[in-house]
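The primary structure of each chain is shown beneath.
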Amino acid sequence: MSTQEGLPSVVPRPARRGALAQSWQRFVAMFVKEFIQLRRDRPTFAMIVGIPIIQLMLFGYAINTDPKHLPTAVLTGDDSPIARALIGALRATDYFNIKYVARGEADADKLILSNKVQFVIQIPPDFSRQLVRGEKPGLLLIADATDPTATSGAVAAALGAATQALDRELTGPLASLAQNAPPYEIRVHRRYNPAGETRRNIVPGLIGTILTMTMLMYTAMSVTREIERGTMEALLAMPVRPVEIMLGKIAPYVVVGAVQMSTILIVASLLFQVPVVGSLFTLSALTLLFIVANLSVGYTFSTVAVNQLQAMQMTFFFFLPSMLLSGFLFPFYGMPIWAQYTGEALPLTHYLRIVRSVMLKGSNFGDLAVDAGALAAFTLVAMSVAVMRFRQTLD
Amino acid sequence: MSVDSDIAIDVRGLTKYFGAKKVVDNFTLQVARGHIQGFLGPNGSGKTTTIRMLCGLLTPDSGEGECLGYDIRRQQEEIKRYVGYMTQGFSLYRDLTIRENLEFVARVYGLEAPEDAAQAALERLGLVARADQLAGELSGGWKQRLALGACILPGPSLLLLDEPTAGVDPKARRDFWDEIHHLATQGLTVLVSTHYMDEAERCHRIAYIANGRLLASGTIPEIIAGANLSTWVVTGEGLDLLSSQLKRQPGVDMVARFGSALHVGGRDEAAMARVADRYSAEGVHRWRRDEPSLEDVFIDLMTRAGADR
C-alpha cells in the first residue's frame, strides 16, 4: 500500500472463512481465550489438580462406617474376677475403648451428655453373686444412640461377645452355668433415640451443614467483591479500620444466620418431628457462636483470595471436609486418628456435638463448654488472621 | 498539628518501586494552601502512584514528606481523615442509591448528623430529585459530580483528584472546574491530575512527570520559559508529509499537529531558525514565529522523556 508516511495505512481486509467455518472459529476463539485466562489464574490451576487428589486421599482413608474403639465408661459396683472378665471380653471386641471409670450414675450421665463417651457399661453391685446363684443378672449397656450408625455395630458385637465371655471363668463348680445361654443377660439402652431413627441424627446435623455452606459463601466474597468492583481503593482512603470493616461486614449475616436457624428448627420440628429436648436459649446462643465462626472463616478467605472465583474455591475446599470429617455423614470415631484431629479443627465438628446434644440429649451449656470454647477460639483465630491479612495499603 | 500551615503538600524525594521497576523516582513537590496544583504526564508516568503515596495508600520506598503537616509514612490515619481522594474509576457503590452512598461516607468519617450532611450534599449537587436512584445508573458526568460531592462531604482540607474529568463531556468538565475553583477560594487545596491542556491552564501551578521523574514544575509562564523552545506555526497544504520530513531534521525537537496547523519547535534557536528559513523559502507553506504553547512544551517534554527510555 502506498500511503503518505505518518498516516496509518488502510488495513487490507483479510480473507474470511465460510459461514460454518466461521462459527467453529468463533467457538475456538472463546475456547482459547477461556483456557488462557484459566491458566493465568495460578491458584485456580493448582486447585484443578489439587482438589481431587487431596479429597480422594482424605476421604478414601478417613471414611469408615463401622467405627471401632468407641469411647466407653465403666460403672461397676462389682470388682469380682467375673465382672472384670466380662469387661475384658467387651474390650476384646475392639469396639469399646474404656476411657473412664464412672463414680456413679450421675457421673456416667455427665460423661454421655458432654460427649466424652458413647457407651457406659454398667455392672450392678451384686452381679457376680446373682450370677453364681443362677439369677441371670443384667449387665446394662447404655448407648448414646443419637448416631445410630455409630453405635449399632458395637451393640451387635457386645451381644455376640457376651456369649463366650465367661467360658474360662465358669469352670469347676460353676461349670453348670456355662451350658447353653449365658448365665446373665445384656440389656441395651439406646438412649435419646430408642427407635434408632437416622433422621434424628441427620436433621440437627443439617442445621450445621446448611449454616456452614451459606455463612461461608456470604462473607467469602465480601472483600474480593470490593476489590473487583473498584470500591476498595476509595474505602482504604477513608478513615475506617480493618476491624471495623470486618465486623461491619460480618454482623448483617449474623442476623441472616439467625433467620436461617429459626427456619430450619421450625421445619425440623414440624416436618420431621425432631424435638428440642434441651434449652432453646442454649441452642440459639451456641448456634450464633457457630454462625460467627463460619462468617469469620469466610471473611478470612476473602482477605486471602485474589478474586471471587478463588474465594469460591476456598469455600468449597473448606466445606467438603466439614461435611465428611465432622461426623455429619460418617461416624466421627470411625475415622483414623489423624482424620479425627483434622475434624477437631473444623467448627462443624464441634457444632454437631453441640446441636445434637442440646436437641436430643438435653445437654446444658456446662456439658458443652469444651466445644463452645473451641468454636470461640476458632472464631478468634480466624478473625485475627483476617485482620492481619487485610492490606490497609495497596502496596 | 500544623493543619493551618501555609504548605498543604510538602514531599521530598519520594521513590516507589513495583518489583524492579522504578515507578516514581525522587519526586519532590510543595503545594501552597488554597492552590490548585495541576499534575500532568503521559499514561503510566507515575501520577496515580504519587497520589496514592500522598494519601497513605502506598508507602514510599524512600523519601519523606507531609500532607497537611501529617507525616505520610506514619500518620496515615490523620491524613485519611482530612484528605479527600477521588479515584480514577468510579468507586462509590453502584448498588447503593445516591443518598445511601453519601450517608455511608458521612458515617465512615464520623460526622455527627450523617443524614443531614448527606441531604446538604444532595442539595449542593442538585441531586435531591434523584437521591433515591442507584449510583450505578448515573451518567458519566453525574457520577463524577457525585464522586466529588462524596469527597468534599466530610470537609477535607486537601483534595487529591486522579483524572476526575476523563470521559466527561466539555460542559460537565467546565462546571467541574468552576466548582474546583470555588472550593479553592474557600481555602481548600487541590491536586488534580489531567490530560487536558485547557484544564492545566486553569491551575495555579503545574507539575509535569514522565517515567516517574518530575520534569517541570511551576506556573505556566515559568514552565514555558523553562522549556526554552523556539516555535513556528506552519500552515498550508500537505502538512502530514511535511510533518514526517521535519521530524528527521536536525534542530527540530517537536512537531505536532494542531487542527489545520503544524507546531514546530526546537531548543536550539539558531538551528531551528535555519530549518524554518529553508522550508519557508520553498514557498509551499506559511511559516510564522510564535510563542510556544503549554502543549508544545509538554509534547517536547514527552518526546524527550520517551527518548530516555
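Residues numbered from 1 in each chain as written. Chains lettered and ligands numbered in written order. Predicted model: local features only at pLDDT ≥ 70, side-chain atom pairs only at ≥ 80, totals over all residues.

Draft legend 1. Seen up close, the overall build of chain A. Along its length, chain A carries 15 helices and 5 strands. Over its C-alpha atoms, taken along the principal directions, chain A stretches across nearly 125 × 50 × 40 Å. Per-residue burial over chain A gives 38% buried out of 395 residues. Within chain A, contacts between residues separated by at least 24 positions form 79% of all contacts whose residues are at least 6 apart in sequence. (Helix = DSSP H or I, 4+ residues; strand = E, 2+ residues; numbered from the N terminus. Buried ≥ 20, exposed ≤ 12 C-beta atoms within 10 Å, placed from the backbone. Contact = placed C-beta atoms within 7 Å.)

Draft legend 2. Molecular detail of the domain arrangement of chain B. All names here are of chain B. The assigned domain composition of chain B is domain 1 (7–95 + 134–223), domain 2 (98–128) and domain 3 (230–291). The C-alpha-based centres of domain 1 and domain 2 are spaced at 23 Å. For the side of domain 1 that touches domain 2, the per-class residue count stands at 7 nonpolar, 1 polar and 1 charged. (Domains from an automatic or database assignment. Nonpolar A, V, L, I, M, F, W, Y, C, P; charged D, E, K, R; others polar.)

Draft legend 3. Here's a closer look at the sheet that holds strand β5 (residues 185–191) of chain A. Residue and element names in this part refer to chain A. The strand order across the open sheet built from 5 strands is β2-β1-β3-β4-β5, with neighbouring strands paired in mixed fashion. Edge positions in the open sheet fall to β2 (96–101) and β5, since each of these has one partner strand only. On average, adjacent strands in this sheet sit at an angle of 25 degrees to one another, irrespective of strand direction. As judged from the 4 bridges shared by strand β3 (residues 119–123) and strand β4 (residues 138–144), these two strands associate in the antiparallel manner. Among the inter-strand pairings, Q122 is bridged to a residue of β4, identified as L140. This element, helix α3 (residues 81–92), spans β1 (70–76), β2, β3 and β4 of the sheet and lies at about 135 degrees to β2. (Pairing = 2+ DSSP bridges. Axes fitted to C-alpha atoms, helices over the stretch in contact; angles between N-to-C directions.)

Draft legend 4. Region of the structure containing the interface of chain B and chain A. With 19 residues of chain B at the interface, the matching set in chain A holds 16 residues. The element contributing the most residues to the side of chain B that touches chain A is helix α9 (residues 239–247) of chain B, with 4 residues. Partitioned by chemical class, the residues of the side of chain B that touches chain A number 8 nonpolar, 6 polar and 5 charged.

Draft legend 5. Spatial organisation of the domain arrangement of chain A. Residues and elements named next belong to chain A. As far as domains go, chain A holds domain 1 (70–191) and domain 2 (198–389). A C-alpha centroid distance of 39 Å is found between domain 1 and domain 2. For the side of domain 1 that touches domain 2, the secondary-structure elements that each account for two or more residues are β1, α4 (105–113) and α6 (148–165). When residues in the side of domain 1 that touches domain 2 are grouped by element, the largest group, 3 residues, is from α6.

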